[in-house]
Amino acid sequence: MKNIIDFYGAQLPVFKSSLHIHSTVSDGDFSPEEVIRLYSEAGYDVLAFSDHHKTNPVSTYDGKGMTILSGMEIHPIGPRNVIWHLLALGVPEDLPGTYPNGQAAIDAVTAAGGIVFCAHPNGAFSSHDILQLQGLTGIEVANTNGRFTGREYNDQCWNELIAEGWRCSALAVDDMHTACDLFQNWTMIAAENPSPQALLDALKCGRFYATQGPQFKRLSWKDGVFEAEFSEVVEAFVYGFPGMDIIATPGFPTPETSPRITSLRCRPTEGFRGVLRCRIRDAQNRCAWSNPITYSE
Ligand SMILES: [Zn+2]
Ligand SMILES: [Zn+2]
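What counts, and at which threshold
Residues numbered from 1 in each chain as written. Chains lettered and ligands numbered in written order. Predicted model: local features only at pLDDT ≥ 70, side-chain atom pairs only at ≥ 80, totals over all residues. Helix = DSSP H or I, 4+ residues; strand = E, 2+ residues; numbered from the N terminus. Rg over C-alpha atoms; globule rule 2.2 N^0.38 Å. Buried ≥ 20, exposed ≤ 12 C-beta atoms within 10 Å, placed from the backbone. Contact = placed C-beta atoms within 7 Å. Arc of directions from axis to C-beta. Domains from an automatic or database assignment. Nonpolar A, V, L, I, M, F, W, Y, C, P; charged D, E, K, R; others polar. Pairing = 2+ DSSP bridges.

In this section: the overall build of the protein. Each helix and strand in the protein was counted, giving five helices and 18 strands. For a compact globule of 297 residues, the expected C-alpha radius of gyration is about 19 Å, and the protein comes in at 19 Å, within 12% of that figure. A principal-axis box enclosing the C-alpha atoms of the protein has dimensions of 50 × 40 × 35 Å. Relative to its full complement of 297 residues, the protein shows a buried share of 45%. Sequence-distant contacts in the protein: of pairs separated by 6 or more residues, those separated by 24 or more amount to 59%.

The following block contains the structure:
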């Protein structure tokens, strides 16, 4: 029985998804077959191969019960001669692997029916760079492999993008290359079904959340009240944009006094009609992040 999320009034199954994966097709340690076995045995529903500059022949793979998405990590040269990392998902298996610049890559992926996220932006992309690009779906907020290059977390970049007016969504991914990258960051997609098209449609419109373990069960914002229900955590924040850093938290727990909480309810400042996102953190210091939502009556 699939877990169901109440996603702002829509009751939908959620699919546990690992969307940034390398295999021996580029510089990963595991063959595609081994990758599929590892994630399938760990209970995942969706896997996307995203080897550097190359697609995988995913239509020939046995997904072992999972939906396998075709993807690619693309590396155009950005400003300051920095090598960019763009995560393309839902691309045809014959998609070319090199592009003259980031916008050309995004345009080609979009024209082919795919979507593009900015991978582990810290250090390579400034929020200013990202805002120059047209057609991106979002960024990665957490990237397991990124801990080796100081790019594990991208909360600050995400906040800057939202503050500039882009309701940008964010994935959590393993960016799996080696065994020590396995199963630490993933994305829960709320979709009608696990077909590639339904999953991509949900990703496109931000109907998902990023997590390292905690689960959102209900998200709601109506009659001026924001509410979230989730698995047991010790901290929950709601960030408001523009101009309000933290608009709700049940307290500042210490290790000794940590209250265990499973819901949050707050009424943002009277009349607030901006954008919110929620972050929760459990006793093992694992986070989950909801995507920004705009108030609607
Ligand atoms: Zn990368
Ligand atoms: Zn990667």
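Okay, back to it.
Looking now at helix H5 (residues 196-204). Listing the buried residues of H5 in full gives Leu 199, Ala 202 and Leu 203. Down the axis of H5, the buried side of the element spans an arc of 100°, and every buried residue falls inside it. Downstream of H5 by a residue or two, Gly 206 has a phi angle that is positive, lying close to 75°.

As a further point, take the domain arrangement of the protein. Considered domain by domain, the protein is made up of domain 1 (4-211) and domain 2 (216-294). On a C-alpha basis, the centroid separation for the pair domain 1 and domain 2 is 25 Å. Between domain 1 and domain 2, the contact holds 16 residues from the first and 16 residues from the second. Secondary structure elements with two or more residues in the side of domain 1 that touches domain 2: strand E1 (4-7), helix H4 (155-163), strand E8 (169-173) and strand E10 (208-211). By residue number, the principal contributor to the side of domain 1 that touches domain 2 is E10, which donates four residues. Taken together, the residues that form the side of domain 1 that touches domain 2 break down as eleven nonpolar, three polar and two charged.

Moving on: the environment of Leu 200. Considering the arrangement of structural elements, one finds Leu 200 in helix H5. The spatial distance from the C-alpha of Leu 200 to the C-alpha of Val 225 is 30 Å, given a sequence separation of 25 residues.

Our next topic: unusual backbone geometry. Here Asn 81, not a glycine, exhibits a phi torsion of approximately 60°, which is positive. Within the secondary structure, Asn 81 sits in the loop between strand E4 (67-74) and strand E5 (86-89). Classification of Asn 81 by C-beta neighbours within 10 Å gives exposed; the count is 6. Positive phi, normally seen in glycine, also occurs at Asp 175, with a value near 50°. Tracing the backbone shows Asp 175 in the loop between E8 and strand E9 (186-190).

The next thing to look at is the pairing of strand E3 (residues 46-49). Burial along E3 is two-sided: the residues Val 46 and Ala 48 and Leu 47 and Phe 49 are all buried. In this sheet, E3 lies alongside strand E2 (residues 10-21) in parallel orientation, the contact comprising three bridges. Note that in E3 the partner of Ile 21 across the bridge is Phe 49. In this structure, E3 lies alongside E4, joined through four bridges in parallel fashion. Paired with Leu 47 across the strands is Ile 68, a residue of E4.

What follows concerns the pairing of E5. The side-chain alternation of E5 yields two buried faces, one formed by Leu 86 and Ala 88 and the other by Leu 87 and Leu 89. As defined by bridge partners, E4 adjoins E5 across four bridges and the pair is classed as antiparallel. Within E5, the position partnered with Gly 71 by the bridge is Leu 89. Examined bridge by bridge, E5 and strand E6 (residues 115-118) share four bridges and lie antiparallel to one another. Looking across to E6, one finds that Ala 88 is bridged to Val 116.

Among the residues of H4, those classed as buried are Cys 157, Trp 158, Leu 161 and Ile 162. For H4, the buried positions fall inside an angular range of 135° around the axis, keeping them on one side. Just past H4, the residue Gly 165 takes up positive phi, approximately 105°.

Here Val 234 shows up in the loop between strand E12 (225-233) and strand E13 (235-241). Separated by 28 residues in sequence, Val 234 and Thr 262 place their C-alpha atoms 8.7 Å apart.

This next bit is on the environment of Ile 261. Counting through the fold element by element, Ile 261 comes out in strand E15 (residues 261-266). Accessibility expressed as a C-beta count within 10 Å gives 17 for Ile 261, which makes it partly exposed. Ile 261 sits 30 residues away from Ser 231 along the chain, and the two C-alpha atoms are 8.1 Å apart.

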